[in-house]
Amino acid sequence: MASQVETRPRSAATQIVGGLIRRARAAQQIYARYSQEQLDETVTAAGWAIMEPTRNRMLAEVAVKDTGLGNVADKVTKNHRKTLGLLRDLQGAISTGELAEYPEKGIVEIARPVGVVAAVVPSTNPGATPANNIINALKCGNAIILSPSPKGYSTSALLLEYIHAELRRVGAPADLVQMLPHPATRELSTELMKQADLVVVTGSQNNVRAAYSSGTPALGVGAGNVAVIVDDSADCADAAGKIMCSKIFDNATSCSSENSIIIHTKVYDAMLASLAKEGGVLLTPAEKTTLQKAMFPGGRLSPAITAQSVSRICAMAGLTRPELINAKCLMVEETGTGSDYPFSGEKLSPVLTVYRAKDFDHAFDLMRGIYDYMGDGHSCGIYSEDELHIQRLGHEMTVCRVIVKQAHAIANGGSFDNGLPFSLTMGCGTWGGNSFSDNLNYKHFMNITRIVRVIPPREPAPNEIFGEYRKKYGV
């Protein structure tokens, strides 16, 4: 009797995702043969899909309406600025064919696509983040399939409508850019991560962990919880203006938004006064307790607070002082760090924690305590004229970026006046449980093939390697 092989019916999620993947692979096989000029034109088309002013505003309005997060004006700015900066970074970048030749090593490097990218994108940036991922993927000859958050689904769907219109304009296959069907369930997202060639995840740590356990190579990010030191040599007016601009942008949806500032005691009062001029209002101890109950029920940040305006946060918390309701940012004083001090964690809202440090060593220790609790690996900032203090953060803090005298949320993801790549996805290195430590960029969306030829051998004599060591230790 012939042996019988047990077969299991394929789940609906497997079949649905499998269909998307097949279409993506067929489109990508065509697209992989595009010249650099053709790739770059396609990238420009995808960028115009979100940057065209009418479309940009529509995306921002839909995002705020359907997610309830952030505000329209800042999302318009974010969509424009992040996309324009990314397109600037990609100008002239080689992403197909020969990348480099090293005759002395006998090596030629060739850029190759990774294939089909699965991009899991958050509700906080449902337009800018997927656009960034799409453009990077297309730059390197890939197809991409989005897994949007439920709240951000409508924004991603509208973005794809705009992108498909531009792909048709340049004659590129529409199936290069797809998304999961509605509703984009966790089961569908998990299946997409399994079947794709590369997973890129921006958002919750649950999604990041799911990507890492999918069996597919994954690029995920760590948690943010930015702390900034204001040293005794700082220009308080300059620091306050930049911190407040960054903190309140899009109601603090960014993981790079300042959550705590650690102020040297010599400039503490001056800095608080400067922050007050910029629209920050300090809560009384009783008001802080009231806010804490609303923000951290059970010790965890309430999603209802995320990316809301100050007036709405006050209404939810029951804070009635007119100065608070009309503030741009709420400020609370804190002394400790860790789970017993929830204001030392990430707040994703226009609420800023303020610490007083007796000297720089104390400021460093407070910052270390904050990152021991949350945000390790991500980034920190400093306002100081003391280069030794700046260098100490770079050499001793377990972060991948030290932002010096800049509005953190704007500078950290790339800015026109610093050298970081424009990105909405920040790698946090091994400190944050990630496999990369730079800003996600197009280089993460390519494979590199190396042609290796014979070169004249250079084999050292053992004494070249061990001579000094043996002499020193008499071996």
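Would you mind going over empty space enclosed by the protein with me for this structure?
A probe matching the size of a water molecule, rolled over the atoms, marks out where space remains unfilled. According to the stated counting rule, one finds one cavity of 30 Å³ or more in the structure shown. Space inside the largest cavity adds up to approximately 60 Å³. The wall of the largest cavity is formed by L59, A60, A63, K75, K78, N79, N125, P126, G127, A128 and T155. Among the residues making up the lining of the largest cavity, the classes are represented as five nonpolar, four polar and two charged.

Before we go on, may I ask you to explain the sheet that holds strand 11 (residues 329-333) in this structure?
Two pairing modes exist for strands in a sheet, parallel and antiparallel, and in both the strands are linked by backbone hydrogen bonds. The strand order 10-11-12-9-8-13-14 describes an open sheet built from seven strands, whose pairing is parallel. Both outer strands of the open sheet, strand 10 (280-282) and strand 14 (402-404), are each paired with one neighbouring strand and no more. Within this sheet the neighbouring strands show an average axis-to-axis angle of 25°, counted without direction. Where helix 15 (residues 387-396) meets the sheet, its contacts fall on strand 8 (226-230), strand 13 (380-383) and strand 14, and the angle it forms with strand 13 comes to roughly 175°.

Please explain helix 11 (residues 285-295) as it appears in this structure.
Two residues of an α-helix separated by three or four positions point the same way, owing to the 3.6 residues in each turn. All buried positions along helix 11 are accounted for by E287, K288, L291 and M295. Along the axis of helix 11, the buried positions cluster into a sector of 100°, meaning they face one direction only. Across from the buried face of helix 11, at angles greater than 90 degrees, the exposed residues are P285, A286 and K293. Next to the buried residues of helix 11 lie strand 10, helix 12 (310-317), helix 13 (322-325), strand 11 and strand 12 (351-357).

What exactly am I supposed to notice about the sheet that holds strand 1 (residues 97-102) here?
Reading across from one edge, 1-2-15 is the order of the three strands in this open sheet, with antiparallel pairing throughout. In this open sheet, the two strands that pair with only one neighbour each are strand 1 and strand 15 (446-452). For this sheet, the mean inter-axis angle between neighbouring strands, taken without regard to orientation, is 25°. Direction of pairing for strand 1 relative to strand 2 (residues 107-113): antiparallel, over a ladder of five bridges. Residue E98 lies in a different strand from strand 2, and its bridge partner there is I110.

Help me out: how do you make sense of the pattern of salt bridges in this one?
Per the stated rule, a full pass over the model turns up 20 salt bridges. A salt bridge links D66 to K65, with the nearest nitrogen and oxygen atoms 3.5 Å apart. For D66, a relative accessible area of 33% translates into the label partly exposed. The salt bridge partner of R392 is E396, with a shortest N-O separation of 3.4 Å. Of this pair, R392 and E396 both sit in helix 15, four residues apart, which is roughly one turn of that helix. Here the residues in one salt-bridge network are R55, E166 and R169, joined through shared partners.

Before we go on, may I ask you to explain the nonpolar core in this structure?
Note on soluble globular proteins: their nonpolar side chains tend to be buried together. If you look at the biggest cluster of nonpolar residues, it comprises 69 residues, and the most contacted ones within it are V117, I134, L138, I144, L176 and V177. Leaving out residues up to four positions away in the same chain, I134 has contacts with A46, I144, L146, L159, L160, I163 and V177. Counting residues in hydrophobic clusters, the runner-up holds 21 residues, among them V230, I263, V267 and C329.

Which parts of the structure should I look at to understand the packing of helix 14 (residues 360-373) against helix 15?
For any two helices packed against each other, one specifies the inter-axial angle together with the distance between the axes. At a minimum axis separation of 12 Å, helix 14 and helix 15 run at an interaxial angle of 30°. Between helix 14 and helix 15, the interaxial angle falls into the category roughly parallel. Between helix 14 and helix 15 lies a crossing of right-handed hand. Residue-level contacts link F360, D361, F364 and M367 of helix 14 to H389, R392, L393 and E396 of helix 15. Looking at side-chain class alone, the contact of helix 14 with helix 15 contains four nonpolar, one polar and three charged residues.

Whenever I open this one, the packing of aromatic side chains confuses me. Can you help?
To describe a pair of aromatic rings, you give the distance between the ring centres and the angle between the ring planes. Counted according to the given criterion, the structure contains four aromatic pairs. Here F416 and F422 contribute two aromatic rings whose centre-to-centre distance is 4.8 Å and whose plane-to-plane angle is 45°, an arrangement assigned as tilted. Classification of F422 as buried rests on a relative accessible area of 1%. Positioned above the aromatic ring of Y102 is the side chain of K105, whose terminal nitrogen or guanidinium carbon lies 5.9 Å from the ring centre.

Reading the values: rules and limits
- Residues numbered from 1 in each chain as written.
- Predicted model: local features only at pLDDT ≥ 70, side-chain atom pairs only at ≥ 80, totals over all residues.
- Heavy atoms only, no water.
- 1 Å grid on protein atoms, 1.4 Å probe; cavity = no way out; pocket = protein on both sides within 12 Å on 5 of 7 lines; lining within 4 Å.
- Points joined across faces, edges and corners; volume = space filled by probe spheres on them.
- Nonpolar A, V, L, I, M, F, W, Y, C, P; charged D, E, K, R; others polar.
- Pairing = 2+ DSSP bridges.
- Helix = DSSP H or I, 4+ residues; strand = E, 2+ residues; numbered from the N terminus.
- Axes fitted to C-alpha atoms, helices over the stretch in contact; angles between N-to-C directions.
- Contact = heavy atoms within 4.5 Å.
- Buried < 20%, exposed > 50% of the residue type's maximum accessible area, 1.4 Å probe, protein only.
- Arc of directions from axis to C-beta.
- Salt bridge = Lys/Arg side-chain N within 4 Å of Asp/Glu carboxyl O.
- Core = buried A, V, L, I, M, F, W, Y, C linked by side-chain atoms within 4.5 Å.
- Parallel < 35°, antiparallel > 145°, perpendicular 65-115°, else oblique.
- Left-handed = near helix turned anticlockwise from the far one by under 90°.
- Phe/Tyr/Trp six-rings, centres within 6.5 Å; stacked < 30°, edge-to-face > 60°.
- Lys NZ or Arg CZ within 6 Å of the ring centre and 35° of its normal.

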